[in-house]
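# Descriptive analysis of the structure
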Amino acid sequence: DAGVHNKAWYAATCDRKTAEDVLYQSNKDGSFLVRKSSGQDSRQPYTLVVFYNRRVYNIPIRFIESTRQYALGREKSGEERFDSVAEIVENHQRTSLVLIDSQNNTKDSTKLKHIVRVS
């Protein structure tokens, strides 16, 4: 179990556009929510959506079958792995999350600060 159900930050039925819209409306750095990934791929079941510096980042949350753990973004060596999606959120409420802008090849970082609810 990913530990997402009944969490304030989990927007179960939210699509990408809706998630981006509510985050733009919040207009607060560090606003975030977790939604189901659009692709419905078992290896990438969720997406962490974060608002920072007037931009919205959609960060895939991967499920690693071999260890039954979760990790953020593309697979990389030495990546942090977590036992649940809830642990990823709790971790990044304390420690900064690196945000990579693939278009401009820039890096930023923010903590997950403001839970955004989709009405």
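You'll find the structure just up there.
Described in the following lines is the structure provided in the data block. (Residues numbered from 1 in each chain as written. Predicted model: local features only at pLDDT ≥ 70, side-chain atom pairs only at ≥ 80, totals over all residues. Heavy atoms only, no water.)

In this section: the overall build of the protein chain. For the protein chain, the count of helices and strands is two helices and eight strands. Taking 14 Å as the expected radius of gyration for a compact globule of 119 residues, we find that the protein chain reaches 13 Å, a close match to that expectation. A principal-axis box enclosing the C-alpha atoms of the protein chain has dimensions of 40 × 30 × 25 Å. For the protein chain, buried positions account for 45% of its 119 residues. Here the contacts in the protein chain between residues at least 6 apart in sequence split such that 42% fall between residues at least 24 apart. Accessible area for the protein chain stands at about 7100 Å²; split by element, carbon and sulfur atoms hold 42% of it. Taken as two groups, the 19 positive and 15 negative side-chain charges of the protein chain have centres that lie 3 Å from each other. (Helix = DSSP H or I, 4+ residues; strand = E, 2+ residues; numbered from the N terminus. Rg over C-alpha atoms; globule rule 2.2 N^0.38 Å. Buried < 20%, exposed > 50% of the residue type's maximum accessible area, 1.4 Å probe, protein only. Contact = heavy atoms within 4.5 Å. Areas by Shrake-Rupley, 256 points an atom, 1.4 Å probe, with all protein chains shown as cover. Lys, Arg positive; Asp, Glu negative; His and termini not counted. Charge placed at Lys NZ, Arg CZ, Asp CG, Glu CD.)

Burial in helix α1 (residues 16–26) covers these residues: A19, E20, V22 and L23. For α1, the angular spread of buried residues about the axis comes to 165°, placing them on one side. Across α1 from its buried face, at more than 90 degrees, point the exposed residues K17 and Q25. Once α1 ends, the next one or two residues include N27, with phi positive near 55°. (Arc of directions from axis to C-beta.)

Its place among the elements puts R35 in strand β2 (residues 31–41). Buried charge without a partner: R35 forms no salt bridge, and the closest opposite charge is E20, 6.0 Å away. Among the polar contacts made by the side chain of R35, one reaches the side chain of S38 at a distance of 3.4 Å. A distance of 3.0 Å separates polar atoms of two side chains, one belonging to R35 and the other to N58. Leaving out residues up to four positions away in the same chain, R35 has contacts with Y10, A11, C14, D15, R16, A19, P45, Y46, T47, V49 and N58. (Salt bridge = Lys/Arg side-chain N within 4 Å of Asp/Glu carboxyl O. Polar contact = N/O pair within 3.5 Å; in protein donor to acceptor, adjacent residues only side chain to side chain.)

Attention now moves to the side chain of S31. Relative to the helices and strands, S31 resides in strand β2. Residue class for S31 comes out buried when judged on its relative accessible area of 0%. Side-chain polar atoms of S31 contact the side chain of S26, separated by 3.1 Å. In this view, S31 contacts L23, S26, V49, V50, F51, H114 and V116; residues no more than four positions away in its chain are not counted.

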